[in-house]
Amino acid sequence: MRLRHIPGSEDAVFASPYVLASPEQHRGRFGAVFGNENPIEIEIGMGKGKFIMEQARRHPEVNFLGIERYPSVLLRAIKKQEQSRLPNLYFMCVDAKLLPEIFAQGEISRIYLNFSDPWPKDRHAKRRLTSPGFMEAYGSVLKKEGTVEFKTDNQGLFAYSLASIPEAGWRIQWYTKDLHHTDAAGDNVMTEYEEKFSSMGNPICKLIAGR
């Protein structure tokens, strides 16, 4: 997918009070950022922020960090947060590969992966956010009982994930290939992509993995 670059987006993103410009400086001390010791949950590839902002509204007892590597995309979420001013939500403009450098062991309670790039070519498998390399990174920052929740409409990526996650030493705790027709649908918070794909009739897949 080609992303439209917005001139000046980098400067606007890193100047925002809702963006942690040097998140590695808070490693092991993210509770101080929020002013409390509530659990911290992160979304990797948060896009325009619909999912994580709704999660922050529903769960004021949890602190949320949204990660988006593209400034032009993150800028949309920042503008929404400027209106909402949710106190339990901050953003980071970083690559997910840097998670171990940003967070200490056991600092994160839950990781959300929503409609990640499927990277369909075999030679790009290592770039998939459910590949063993990324799962290792998640394990280095999650609490022992922490979980990864993954949603996609891409059947190929989901099949890959059902195999690659256990191969990385994780356990699939729950999964479905048609989320919107399960009991879990009532608590489901949809992303922008989820609304688009489900309106096209695409079934939504979801899994929850732990160690």
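Coordinates for the structure precede this section.
Residues numbered from 1 in each chain as written. Predicted model: local features only at pLDDT ≥ 70, side-chain atom pairs only at ≥ 80, totals over all residues. Heavy atoms only, no water.

Undergrad: Would you take a moment to explain the overall build of the protein for this structure?
TA: Counting its regular elements, the protein contains eight helices and seven strands. Relative to the 2.2 N^0.38 estimate, which gives 17 Å for 211 residues, the radius of gyration of the protein is 16 Å and therefore close to what a compact globule would have. With the C-alpha coordinates of the protein rotated into their principal frame, the extents come out at 40 × 35 × 35 Å. Within the protein, the fraction of its 211 residues that count as buried is 49%. Element-wise, carbon and sulfur atoms account for 50% of the exposed surface of the protein, whose accessible area totals about 10800 Å². Where the 28 positive side-chain charges of the protein centre and where its 26 negative ones centre are 4 Å apart. (Helix = DSSP H or I, 4+ residues; strand = E, 2+ residues; numbered from the N terminus. Rg over C-alpha atoms; globule rule 2.2 N^0.38 Å. Buried < 20%, exposed > 50% of the residue type's maximum accessible area, 1.4 Å probe, protein only. Areas by Shrake-Rupley, 256 points an atom, 1.4 Å probe, with all protein chains shown as cover. Lys, Arg positive; Asp, Glu negative; His and termini not counted. Charge placed at Lys NZ, Arg CZ, Asp CG, Glu CD.)

Undergrad: I'm lost on the sheet that holds strand β7 (residues 205-210) in this one. Help?
TA: Backbone hydrogen bonds hold the strands of a sheet together, and the pairing may be parallel or antiparallel. Taking strand neighbours across the sheet as the criterion, the seven strands line up as β3-β2-β1-β4-β5-β7-β6 in an open arrangement whose pairing is mixed. The strands lining the two open edges of the sheet, one partner per strand, are β3 (89-92) and β6 (171-176). Each strand axis lies, on average, 20° off the axis of its neighbour in the sheet, ignoring direction. In this structure, strand β4 (residues 108-114) lies alongside strand β5 (residues 142-152), joined through six bridges in parallel fashion. Bridge pairing links L113 to F150 in β5. Set on the sheet, helix α7 (residues 155-167) makes contact with β5, β6 and β7; between it and β7 the angle comes to about 15°. (Pairing = 2+ DSSP bridges. Axes fitted to C-alpha atoms, helices over the stretch in contact; angles between N-to-C directions. Contact = heavy atoms within 4.5 Å.)

Undergrad: Any chance you could explain the side chain of S16 here in plain terms?
TA: The topology assignment puts S16 in the loop between α1 (9-15) and α2 (30-34). Look at S16 and you get buried, because its relative accessible area is 6%. A distance of 3.1 Å separates the side chain of S16 from the backbone nitrogen of Y18, its partner in a polar contact. (Polar contact = N/O pair within 3.5 Å; in protein donor to acceptor, adjacent residues only side chain to side chain.)

Undergrad: What am I meant to see in the packing of helix α3 (residues 50-58) against helix α4 (residues 71-84) here?
TA: Two measures define how a pair of helices packs: the angle their axes make with one another and the distance between the axes. Between α3 and α4, whose axes approach to 10 Å, the crossing angle comes to 25°. Our classification of the angle between α3 and α4 gives roughly parallel. Crossing angle aside, the handedness with which α3 passes α4 is right-handed. Contact residues: K50, M53 and R57 in α3; A77, K80, Q81 and S84 in α4. The residue makeup of the contact of α3 with α4, split by class, is two nonpolar, two polar and three charged. (Parallel < 35°, antiparallel > 145°, perpendicular 65-115°, else oblique. Left-handed = near helix turned anticlockwise from the far one by under 90°. Nonpolar A, V, L, I, M, F, W, Y, C, P; charged D, E, K, R; others polar.)

Undergrad: Please explain the packing of aromatic side chains as it appears in this structure.
TA: Two descriptors summarise a pair of aromatic rings, namely the distance from one centre to the other and the angle between the planes of the rings. Across all of its chains, the model carries eight aromatic pairs by this definition. Ring plane angle 65° and centroid distance 5.0 Å describe the contact between F51 and Y112, whose orientation is recorded as edge-to-face. Residue F51 is found in helix α3, and its partner Y112 is found in strand β4; the two are separated by 61 residues along the sequence. What makes Y112 buried here is its relative accessible area of 3%. Chaining the aromatic ring pairs together yields one cluster made of F115, Y193 and F197. Cation over ring: R127 sits above W119, and NZ or CZ is 4.8 Å from the ring centre. Across the ring face of Y160, the terminal group of R128 is positioned such that the distance to the ring centre comes to 4.6 Å. (Phe/Tyr/Trp six-rings, centres within 6.5 Å; stacked < 30°, edge-to-face > 60°. Lys NZ or Arg CZ within 6 Å of the ring centre and 35° of its normal.)

Undergrad: Mind showing me how you'd approach the pairing of strand β2 (residues 63-67) here?
TA: In the case of a regular strand, side chains alternate between the two sheet surfaces. Burial analysis of β2 places five of its five residues in the buried class, the great majority of the element. Residues N63, L65 and I67 of β2 are buried on one face, and the alternating residues F64 and G66, pointing to the opposite face, are buried as well. One ladder, built from five bridges, connects strand β1 (residues 40-44) with β2; its direction is parallel. Its bridge partner being in β2, I42 is matched across the sheet by L65. Each parallel crossover has a hand, and the one from β1 via α3 to β2 is right-handed. Pairing between β2 and β3: four bridges, direction parallel. Across the sheet, the residue bridging to F64 is L89, located in β3. Crossover connection from β2 via α4 to parallel β3: handedness right-handed. (Right-handed = clockwise from strand over helix to strand, strands pointing away.)

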